Amino acid sequence: MGWQWRKRRVGCCVALVAVTLLLGLIDCAFVDDGEWESSTVRAVEREEENTFMLNQMKKHQDWLGTVADELRDQYSNNNSNDTATTYLAALYLLGGIDVEIDNEMAFRYAQEAAQKGNPMAHALLGFMYATGRGVTEDQTMAVLHYSFAAQGDDPIGLMALGYRHMYRRNLPPMCSTYVHMFRKLSTQVVYGIEMEDALVLPQSKYTRLSEELDWGDSDLTSERDIINYYSFLADTGEVEALVTLGNLFMEGGYGLDRDYEKAYRLFREAADLGDPGGLQGLGRLHEEGLGRPKNLSLAIQLYQMAASGGDPSALNRLGMLHLKGLVTPSGSPISESLTDLTAIQVQQNRQKGVEYLQRAAESGSPHAMVHMGNLIEEGILVDEDTNKAVSYYAAAMTAGLPTALQALADVYVSSPGACSLAAILYKKVAQTGIWGDAILWDAEDFSLEGENYFDRALARYELAAEMGYEVAQSNAAWIYEHRYHDYTKALRYLLMSAEQHTSTGQPENVLRVGGASFHGDSLVRIGDYYYYGKGVNESHQTASTWYKAAAEAGNPEALFYVGWMHHFGVGLPKDLPLAKRYYDLSLVGTPSLTPVILPAILAVLIQLESSGILENIQQAILEHDNALLLFLFGLLALLFMLRKYLLQRQRQRAHHQPQPPPQIHQQEAPHHL
């Protein structure tokens, strides 16, 4: 819902307006031609980005239309092809650029394919029964079809059924059942990593519509922005950008196809500048034979040079090469004339390998941390216990490495009382699979395309919501609220999102897993529903419960709302010092909203001053060390002085002005009676 500030009695609206106008005048007064030019350039770049995204979407949609025609042809020529029938069902169920959603046709094709035993068709039927698309909503039938899909290892069926077991949605919470489902998918994700030392990149952040469309310009960064940013830095000779771009071209991702020649040039430029990361990248290309003849001897030399500079990845590669026996005890590579390495006995040097891996882990390599944990669990490092392995996995988990999450989950799944925690970790890995990306990326494209495509976006978000993706649940709620004004369905998805934040689906039981924080947006929006009575009975007290749950997770919007409620005694006891504390915390989380939050803080301080606590104002200025706070306080003091002066002038004029005689009518009662 974004920061849609309520019509609340903050008590300093006049000061806020004055400050806003004054800051606006100051800002306009100091804008020179260069700044106007830069803003014009940003507008042109934004337009270029929109054009780029539109062209990409049109390419995808043209392909989708071609596939639709081919599927129809396949079905008409051979209606026994259950795969074509299932894809037609999905096409009509989710819609396309030139294909309107037709739930009746989707149900017909899905039912036909399901009768032939197609697992995906059963998953689509489960989704339709769960959401009432094309059929009467029936959760029992939804569970039945999801079960058939899961038995056939369909990802949608496994995710949806596992999620329902996990959160007690029409199914008992049998941990042994849903942990098995999530583990099966997470294993596919981990085995799908092509390179053992695959590059660790920030995971694609799915768009949260409550941020993107409420404000128009959020902190979300497109893939093209990231590439342009690193390209600009690389052109200036920034070695870190050169290495990052080289890794992107070597691994592929962020909209870039693999280009080993470009990767080589970038790594070579960084290496010429003496950067260990460039040397390590060149070593990877030669070790794997990517765009270059495979040359293990040269790769090891490059790794050793990079390791001498402290590169964690190079240390990790040297450690694994020694552990696997691909180098001799002296450290030299084995003869590359031997083409079949498995046919010969190669002496390993585990001690040297462990030394390299330990140095790599200490230098921050998440891959080395996972390897060290594996060595402990396998009994190779006999001096360490399982707790040390867990600490390695937990440290690697912060880098978002799927293998680390999987390894940590493997430890917990066999530990008494830790099944639920293992399931959460397996689920997190499973949600990085391509089955979710394909649905959510399409949903984002349609949601940002315009009003005519929100039905396609909603269908995909609801499907992903059934699979347990929290961001999809939040976005489905947003579309129902803002596009269809269906607050009942919106609240349904918000509660689904909230139950993933809490241990029991109740706001007072915020779930903490491994210290990880979550996005409290859904909790705030549920609080808004109760505050305003949207789809539920209005209850400020219940709203405060949801706000406090989000505030405990550090959501800045919720922190402000809790502070406001304590400030004015709405839904919570009036407590000015506590209100100021929440306002302060909110200010830390959202520095961009300083002009909105600071007046509320000043209002509290003025009330505290009236109670004889003037030192709070001085302390606040010292604590914040904020020139804007001092400016606002001075402006507010100036307004009060001006008001006092005007009141004095008004009283003086009233004193010197002759007063007319009182007119008491005969039937009018005296005023003092």
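Right above here is the structure, for reference.
It should be emphasised that the depicted structure is a prediction, and the values quoted were computed from it without experimental measurement.

1. A look at the overall build of the protein chain
Consideration 1: Helix and strand content of the protein chain: 31 helices and zero strands.
Consideration 2: As displayed, the protein chain offers around 34,000 Å² of accessible surface, 53% of which is attributable to carbon and sulfur atoms.

2. Considerations on helix α19 (residues 402–413)
Consideration 1: The first and last C-alpha atoms of α19 sit 16 Å apart over twelve residues, in line with the 16 Å expected at 1.5 Å per residue.
Consideration 2: Within the sequence span of α19, burial applies to P402, A404, L405, Q406, A407, L408, A409 and V411.

3. Points about unusual backbone geometry
Consideration 1: The backbone of D153 shows a phi angle near 60°, a positive value even though the residue is not glycine.
Consideration 2: Structurally, D153 can be placed in the loop between α6 (139–151) and α7 (155–166).
Consideration 3: Overall, the relative accessible area of 38% leaves D153 in the partly exposed class.

4. Examining the packing of α7 against helix α20 (residues 419–430)
Consideration 1: Here α7 crosses α20 at 150°, and the two axes come no closer than 12 Å. It follows from the interaxial angle that α7 and α20 lie roughly antiparallel. Helix-helix and strand crossings are classified by hand; for α7 and α20 the assignment is left-handed. When α7 is examined against α20, the residues M159, Y163 and M166 are found in contact with a partner set consisting of S420, A423, I424, K427 and A430.
Consideration 2: Classifying every residue of the contact of α7 with α20 gives six nonpolar, one polar and one charged.

5. Here we look at the packing of helix α23 (residues 470–482) against helix α24 (residues 487–499)
Working note: a packed helix pair is described by the angle between its axes plus the distance between those axes.
Consideration 1: The N-to-C vectors of α23 and α24 enclose an angle of 165°; their axes lie 8 Å apart at closest approach. Regarding the angle of α23 to α24, the classification is roughly antiparallel. In the packing of α23 onto α24, the handedness of the crossing is left-handed. When α23 is examined against α24, the residues E470, Q473, S474, A476, A477, Y480 and E481 are found in contact with a partner set consisting of Y487, K489, A490, Y493, L494, M496 and S497.

6. A short note on the state of the cysteines
Consideration 1: Enumeration over the complete set of coordinates arrives at one disulfide.
Consideration 2: Sulfur-sulfur distance for the disulfide between C175 and C419 comes to 1.8 Å. Measuring handedness by torsion sign, the sulfur bridge of C175 and C419 sits at about -100° and is left-handed. You can see C175 sitting in helix α8 (residues 175–191) and its partner C419 sitting in helix α20, a full 244 residues away along the chain.

7. Concerning the environment of A430
Consideration 1: Mapped onto the elements, A430 comes out in helix α20.
Consideration 2: Among all residues touching A430, those that are not within four sequence positions of it are M159, F182, L185, S186, V189, W435 and Y469.

8. Overview of the packing of aromatic side chains
Consideration 1: Applying the stated rule across the entire model yields 13 aromatic pairs.
Consideration 2: Each residue in the set Y547, F560, Y561 and Y583 is aromatic and connected to the rest through ring pairs, giving one cluster.
Consideration 3: Its end group placed over the ring of Y264, R292 keeps NZ or CZ at 3.6 Å from the ring centre.
Consideration 4: Between the NZ or CZ atom of R492 and the centre of the ring of Y493, over which it lies, the distance is 5.7 Å.

9. Considerations on α24
Consideration 1: With 13 residues, α24 extends 18 Å between its outermost C-alpha atoms, agreeing within 8% with the 18 Å of an ideal straight helix rising 1.5 Å per residue.
Consideration 2: Buried within α24 are the following residues: A490, L491, Y493, L494, M496, S497, A498 and E499.
Consideration 3: Tucked inside the fold, the buried residues of α24 contact α5 (119–131), α7, α22 (454–466), α23, α25 (521–532) and α26 (540–552).
Consideration 4: Of the residues flanking the start of α24, the one acting as N-cap is D486, its side-chain oxygen 3.4 Å from the backbone nitrogen of T488.

Conventions adopted
Residues numbered from 1 in each chain as written. Predicted model: local features only at pLDDT ≥ 70, side-chain atom pairs only at ≥ 80, totals over all residues. Heavy atoms only, no water. Helix = DSSP H or I, 4+ residues; strand = E, 2+ residues; numbered from the N terminus. Areas by Shrake-Rupley, 256 points an atom, 1.4 Å probe, with all protein chains shown as cover. Expected span 1.5 Å × (residues − 1). Buried < 20%, exposed > 50% of the residue type's maximum accessible area, 1.4 Å probe, protein only. Axes fitted to C-alpha atoms, helices over the stretch in contact; angles between N-to-C directions. Parallel < 35°, antiparallel > 145°, perpendicular 65-115°, else oblique. Left-handed = near helix turned anticlockwise from the far one by under 90°. Contact = heavy atoms within 4.5 Å. Nonpolar A, V, L, I, M, F, W, Y, C, P; charged D, E, K, R; others polar. Disulfide = S-S within 2.5 Å. Phe/Tyr/Trp six-rings, centres within 6.5 Å; stacked < 30°, edge-to-face > 60°. Lys NZ or Arg CZ within 6 Å of the ring centre and 35° of its normal. Polar contact = N/O pair within 3.5 Å; in protein donor to acceptor, adjacent residues only side chain to side chain.

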